[in-house]
Amino acid sequence: MNKLAITDNILSYEIDPENKWSLEIDKIKFIGEYTTSAGPMADDWFFVFADSVDQWWQVPALAVDHNNFWTDIGKKLDSEIAPNLFASTSWATSIIYPKSLEKQELFVVVKTEEEKPRTFWQKLFGKGGANTKLELTDKVKQLF
């Protein structure tokens, strides 16, 4: 499948019957996007949707029918919505919706306290590397 779809007031994404999610469109607090430097060999452009600060979903850009999806969801949210990072080839994040935060950063990369070994030799000799995680920016957190 690997397709993002709108049916009535539900946004849904399905990779296969075991990997799928759905979200009521009128509960969406933000839509964002981010890119990585992983392309062209791997997905490198993703869209993120959330209805709560600690639960959000993402889809690769290849799962989106760009000709219709942005117009259709814009009508549902009563807002003109369009992605901004289509030409990015490195790490970048951007908010698409709501308009009050459009083009601002979606994520920040935060170092965590926990260190884990990364390579065989680091595992063997107990040397670790700093972990990082993505967190929503404070402006995005204020939407909730």
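Residues numbered from 1 in each chain as written. Predicted model: local features only at pLDDT ≥ 70, side-chain atom pairs only at ≥ 80, totals over all residues. Heavy atoms only, no water.

Asks: Explanation requested: a nonpolar patch on the surface in the structure shown.
Replies: A cluster of nonpolar side chains, namely Trp 91, Val 109 and Leu 134, defines an oily patch on the protein surface of about 260 Å² accessible area. Here Trp 91 shows up in the loop between α1 (69-77) and β7 (92-97). Residue Trp 91 is classed as partly exposed on the basis of its relative accessible area of 39%. (Patch = residues over 30% accessible without salt bridge, like charges linked within 9 Å, V, L, I, M, F, W, Y side chains within 5 Å. Areas by Shrake-Rupley, 256 points an atom, 1.4 Å probe, with all protein chains shown as cover. Salt bridge = Lys/Arg side-chain N within 4 Å of Asp/Glu carboxyl O. Helix = DSSP H or I, 4+ residues; strand = E, 2+ residues; numbered from the N terminus. Buried < 20%, exposed > 50% of the residue type's maximum accessible area, 1.4 Å probe, protein only.)

Asks: Is there a simple way to think about the confidence of the model for the protein in this case?
Replies: The predicted coordinates of low-pLDDT regions are not to be read in fine detail. For the protein, the average pLDDT comes to 84, and 88% of its residues sit at 70 or higher. The secondary-structure element of the protein with the lowest mean pLDDT is helix α2 (residues 120-125), recorded at 52, while α1 shows the highest, at 95. (pLDDT = per-residue confidence, 0-100.)

Asks: How should I be thinking about the pattern of salt bridges in this particular structure?
Replies: Two side chains with opposite charge may pair up if their charged atoms get near one another. According to the stated counting rule, one finds 3 salt bridges in the structure shown. Glu 102 is the partner of Lys 99 in a salt bridge, and the nearest nitrogen-oxygen pair spans 3.1 Å. Take Lys 99: its relative accessible area is 38%, and that puts it in the partly exposed class. When its relative accessible area of 28% is taken as the criterion, Glu 102 is described as partly exposed.

Asks: Is there a simple way to think about the nonpolar core in this case?
Replies: Counting residues in each nonpolar core, the largest one holds 25 residues, and the members touching the most others are Ile 31, Phe 49 and Ile 73. At the level of secondary structure, the elements contributing two or more residues to this core comprise β2 (10-16), β3 (19-24), β5 (45-52), β6 (55-60), α1 and β7. Aside from chain neighbours lying at most four places away, what touches Ile 31 is Val 48, Phe 49, Trp 70, Ile 73, Leu 77, Ile 81, Ile 95, Ile 96 and Tyr 97. Tyr 34, Leu 101, Leu 106 and Phe 107 belong to the second-largest nonpolar core, a separate cluster that totals 11 residues. (Core = buried A, V, L, I, M, F, W, Y, C linked by side-chain atoms within 4.5 Å. Contact = heavy atoms within 4.5 Å.)

Asks: Looking at this structure, I do not really get the side chain of Thr 35. What am I missing?
Replies: Structurally, Thr 35 can be placed in strand β4 (residues 30-35). Judged by its relative accessible area of 1%, Thr 35 is buried. Here the side chain of Thr 35 touches Ser 88 through a polar contact of 2.8 Å, side chain to side chain. Here Ser 90 takes part through its backbone oxygen, which lies 2.6 Å from a polar atom of the side chain of Thr 35. (Polar contact = N/O pair within 3.5 Å; in protein donor to acceptor, adjacent residues only side chain to side chain.)

Asks: What's the story with the side chain of Thr 93 in this structure? I'm lost.
Replies: Secondary-structure assignment places Thr 93 in strand β7. Residue class for Thr 93 comes out buried when judged on its relative accessible area of 4%. Within the local environment of Thr 93, its side chain forms a polar contact with the side chain of Glu 105, the two groups lying 2.5 Å apart. In this structure the side chain of Thr 93 is engaged in a polar contact, spanning 3.0 Å, whose partner is the backbone nitrogen of Leu 106.

Asks: Got a minute to help me understand the sheet that holds β2 in this structure?
Replies: Backbone hydrogen bonds hold the strands of a sheet together, and the pairing may be parallel or antiparallel. The sheet built from 3 strands is open, its strands ordered β1-β2-β3 with antiparallel pairing. The open sheet has two edge strands with one neighbour each: β1 (3-7) and β3. The sheet shows a mean angle of 15° between the axes of neighbouring strands, taken without regard to direction. Of the strands in this sheet, β1 and β2 touch α1, which is tilted by about 35° from β1. (Pairing = 2+ DSSP bridges. Axes fitted to C-alpha atoms, helices over the stretch in contact; angles between N-to-C directions.)

Asks: It is not clear to me how the pairing of β6 should be interpreted in this structure. Could you clarify?
Replies: For a regular strand, side-chain orientation follows a simple rule: the groups alternate between the two sheet faces. Bridge analysis of β5 against β6 gives 6 bridges, and the strand direction is antiparallel. Considered in β6, the bridge of Phe 47 is made with Val 59. In sequence, β5 turns back onto β6 through a hairpin of 2 residues.

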